[in-house]
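# Structural overview
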Amino acid sequence: MENSPRLAASPRLSRGATPRPLDGAERVRVCVLVQVHNYNALRRHVGMQNVRRLMTALGERLATAIPRARVESLGRDVLEVEFVSDLPDALACGLAASRQSCGARIEIDGDEHELDLVLGGAVAPSQNDPTQLIEEAEAALCEARTGRVSFGVEPGVVGLADAMLADEVDGALDRDEMVLHYQPKVHVRRQAIDCVEALVRWQHPERGLVAPGDFLPAIERAQRMERLTLWTVTRAIADQRRLRALGHDLRIFINISGHLLADPAFAERVCACIVAAPDARIGFEVTETSVIRDPESAIAHLQQFDRIGVHVSIDDYGAGLSSLAYLKQLPARELKIDKLFITQLTSSNRDPLIVRSTIDLAHALDMEVVAEGVETHAALALLSVMGCDMVQGYLISRPIGLEALAAFLSEDRHRAATQDTRASFTRLAAAWKRA
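Here the residue index of a chain counts from 1 through its sequence in written order. Only residues with pLDDT of 70 or above have their local features reported here, since the model is predicted, and side-chain atom pairs are shown and tallied only from 80 upward, although totals for entire chains, interfaces and linings are computed over all residues. Think of the side-chain values as coming from all heavy atoms in the structure, minus any hydrogens and water.

### Observations concerning the pattern of salt bridges
- Salt bridge, as applied in this entry: a Lys or Arg side-chain nitrogen positioned within 4 Å of an Asp or Glu carboxyl oxygen. A complete count under the given rule lists 25 salt bridges for this structure.
- With a closest N to O distance of 3.2 Å, arginine 244 and aspartate 279 form a salt bridge. Residue arginine 244 is located in helix 7 (residues 226-245), and its partner aspartate 279 is located in the loop between helix 9 (264-275) and strand 13 (282-287); the two are separated by 35 residues in the primary sequence.
- Relative accessible area decides the class of each residue, using a 1.4 Å probe on protein chains only: under 20% of the type maximum gives buried, over 50% gives exposed, and in between gives partly exposed. Residue aspartate 279 is classed as partly exposed on the basis of its relative accessible area, which comes to 31%.
- Note that aspartate 249 and arginine 281 form a salt bridge whose closest N and O atoms lie 3.5 Å from each other. Placement of the pair is aspartate 249 in the loop between helix 7 and strand 12 (251-255) and arginine 281 in the loop between helix 9 and strand 13, with a sequence separation of 32 residues. We count a stretch as a helix when DSSP gives it H or I for four or more residues in a row; a strand needs E for two or more, and each element gets its number in order from the N terminus.

Here it is, written out as structure tokens:
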């Protein structure tokens, strides 16, 4: 069995939420580890005997909260909760119940003490090796010490928290709370902006602008990206028309999730959406890893997108499992070098060599190259010397709303951002040619 991926999250469960068992669902074994992170501080404050009483009381709370669970001590400051369930969200429910039962203050000799808890857990089919399950839970607990909640999930098991957040996003779409921000890509030689990347933001009425990292990973895990992606395509086409009316005809690139790329129903729907807008100029950004999941279906759908005029861009190249065997089969017109290599371009000995060879490879495959994560004039200068076609990053512009983008384009602000690069260009060009 492959190692389960460990995912960090903060399950947000409504009080009394009780998911229903799935008909014929496979039984799973859940292991949750609860660590009292401030154990040593409590021991110094209340003494060894009292802190042991505290751990016993926590064990009793956990046994009450999850009646069918086995609760044992796994070290002086860690309690193990293990149970079998046929619920589809067993891990999320176990984590939530553990946190809620242990999260309240605890009284010792008349004084209340607050507990600093770390929770980690894992889930796997009940017939699997229980030793590996506890090892996964321990690994998740180690990871959780920085984020306070972490859990390992067997492929195909979706957490209740992810499903609930996906429901929230569906509601946000109904209420028109989602917006698109755009980050320009500047053509290095022509100093022109021909395309932008669309990035989803959630304009929450109470929490303000919610960053994509706070909701997109959960929707990905729940595999419910289709509606949001189709909305993004539709909104991007509408925004594109508004920009064109202002004199800016840009191609808009949209990120496509890996599980959607192999989905025939999604491919059919998104193609129908684009074909219905003959004036649309759309690009799809896909990661090579998403292609590797189901190469036959993914490549077939990418070819289908290419036939209706959608430009395909390989995103995050170099960050995952880069394979020439798949790269040469993709109908891609653009390759984006992952920002991991760009942010250290002028301070690393190896990154410039990797970037230069990637640019040469992409050009040999008749693709343009985009460097994302460009934040300094020195990096832009070196990329110019290497023959990089386009750059994207905070040096040019952060992702901005539609009206701000229109003003940015009208005022040619990208030219001001690149003017200071000339001195760096001359110096780095000489150094690179000497190398």
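### A short note on the side chain of glutamate 177
- Considering the arrangement of structural elements, one finds glutamate 177 in the loop between helix 5 (160-174) and strand 9 (178-187).
- Setting aside residues no more than four positions away along its own chain, glutamate 177 makes contact with Ala172, Arg201, Trp202, Gln203 and Pro205. Any two residues whose heavy atoms approach within 4.5 Å at even a single point are treated as in contact.

### Regarding the pairing of strand 12
- Counting buried residues in strand 12 gives four out of five residues, a clear majority hidden from the surface.
- At least two DSSP bridges between two strands are required for those strands to pair. Across three bridges, the pairing between strand 10 (residues 192-204) and strand 12 is parallel. Looking at the pairing, cysteine 195 lines up with arginine 251 of strand 12.
- In this structure, strand 12 lies alongside strand 13, joined through four bridges in parallel fashion.

### Comments concerning helix 14 (residues 351-364)
- Given a helix with a known number of residues, its expected span is that number minus one, times 1.5 Å. In this model helix 14 runs 20 Å from its N-terminal to its C-terminal C-alpha over 14 residues, within 8% of the 20 Å that 1.5 Å per residue would give.
- Along helix 14, the residues classified as buried are Asp351, Pro352, Val355, Thr358, Ile359 and Ala362. Viewed along the axis of helix 14, the buried residues span an arc of 130°, placing them on a single side of the element. Along helix 14, exposed side chains directed more than 90 degrees from the buried face belong to Leu353 and Ala364. Here, the arc refers to the directions that run from the helix axis to the C-beta atoms.

### Examining the nonpolar core
- Buried Ala, Val, Leu, Ile, Met, Phe, Trp, Tyr and Cys residues form a nonpolar core when they are joined through side-chain atoms within 4.5 Å. Membership of the largest hydrophobic core comes to 81 residues, with the highest contact counts inside it found for Met178, Phe215 and Phe284.
- In this structure methionine 178 touches Val169, Ala172, Leu173, Val200, Arg201, Trp202, Phe215, Leu228, Trp231 and Arg235, once residues within four positions along its chain are discounted.
- Core analysis: the second largest hydrophobic core is formed by 29 residues, Tyr39, Leu42, Phe83 and Ala90 among them.

### Notes on the environment of valine 78
- Looking at the secondary structure, you find valine 78 in strand 4 (residues 78-85).
- A sequence separation of 41 residues divides valine 78 from leucine 119, and the C-alpha atoms of the two residues are 9.6 Å apart.
- Contacts of valine 78, omitting those with residues within four sequence positions, involve Leu33, Val34, Gln35, Met55, Glu72, Ser73 and Leu141.

### A closer look at the confidence of the model for the chain
- pLDDT measures the predictor's confidence residue by residue and takes values from 0 up to 100. Here the chain averages 82 in pLDDT, and 83% of its residues register 70 or above.
- Ignoring residues within four places in sequence, the model shows residues 1-24, a span with pLDDT below 50, making 57 contacts including any to other chains.

### Notes on the environment of glutamate 143
- By secondary structure assignment, the location of glutamate 143 is in helix 4 (residues 130-144).
- Expressed as a C-alpha distance, the spacing of glutamate 143 and valine 118, which sit 25 residues apart in the sequence, is 9.8 Å.

### Digging into the packing of aromatic side chains
- Within 6.5 Å between ring centres, the rings of Phe, Tyr and Trp (the latter by its six-membered ring) count as paired, and their orientation is classed by plane angle as stacked under 30 degrees, edge-to-face over 60, tilted in between. Under the counting rule described, the total for this entry stands at two aromatic pairs.
- Aromatic pair tryptophan 202 and phenylalanine 215: ring centres 5.7 Å apart, planes at 85°, arrangement edge-to-face. Here phenylalanine 215 lies in the loop between strand 11 (208-210) and helix 6 (216-221) and tryptophan 202 lies in strand 10, a separation of 13 residues in the sequence. This pair shows no difference in class: tryptophan 202 is buried, exactly as phenylalanine 215 is.
- When the ring of phenylalanine 284 is compared with that of phenylalanine 305, the centres are 5.0 Å apart and the planes differ by 90°; the resulting orientation is edge-to-face. Of this pair, phenylalanine 284 sits in strand 13 while phenylalanine 305 sits in helix 11 (residues 295-307); the two residues are 21 residues apart in sequence, bridging distant segments of the chain. Here phenylalanine 284 and phenylalanine 305 have matching classes, each one buried.
- Over the face of the ring belonging to phenylalanine 253 we find lysine 185, whose NZ or CZ atom lies 3.8 Å from the ring centre.
- Two limits define a charge over a ring: the Lys NZ or Arg CZ must be within 6 Å of the ring centre, and within 35 degrees of the ring normal. A cation over an aromatic ring shows up here: arginine 398 above the ring of tyrosine 394, its NZ or CZ 4.1 Å from the ring centre.

### Some details on the packing of helix 9 against helix 11
- The convention used is that axes are lines fitted to C-alpha atoms, helices contributing only their stretch in contact, and that angles between N-to-C directions extend from 0 to 180 degrees. Put simply, helix 9 and helix 11 touch, their axes get as near as 11 Å, and they point 5° apart. Classed by the angle they form, the pair helix 9 and helix 11 counts as roughly parallel. Facing helix 9, whose interface residues are Pro264, Ala267, Val270 and Cys271, helix 11 presents His301, Gln304 and Phe305.
- Each residue is assigned to one class: nonpolar for Ala, Val, Leu, Ile, Met, Phe, Trp, Tyr, Cys and Pro, charged for Asp, Glu, Lys and Arg, and polar for all the others, Gly among them. Its residues assigned to classes, the contact of helix 9 with helix 11 comprises five nonpolar, two polar and no charged. Note on angle classes: values under 35 degrees are labelled roughly parallel, values over 145 roughly antiparallel, values of 65 to 115 roughly perpendicular, and the remainder oblique.

### What about helix 15 (residues 377-386)?
- Across the 10 residues that make up helix 15, a large majority, eight, are buried.
- The complete set of buried residues in helix 15 reads Ala379, Leu380, Ala381, Leu382, Leu383, Ser384, Val385 and Met386.
- One or two residues past the end of helix 15 sits glycine 387, with phi positive at roughly 90°.

### Some words on unusual backbone geometry
- Although it is not a glycine, aspartate 316 sits at a positive phi angle of roughly 55°.
- Among the residues examined, aspartate 316 registers a relative accessible area of 27% and is labelled partly exposed.
- For aspartate 366, which is not a glycine, the phi torsion comes out positive at approximately 65°.
- Following the sequence through the fold, aspartate 366 ends up in the loop between helix 14 and strand 16 (368-372).
- Using a relative accessible area of 69% as the deciding quantity, one classes aspartate 366 as exposed.

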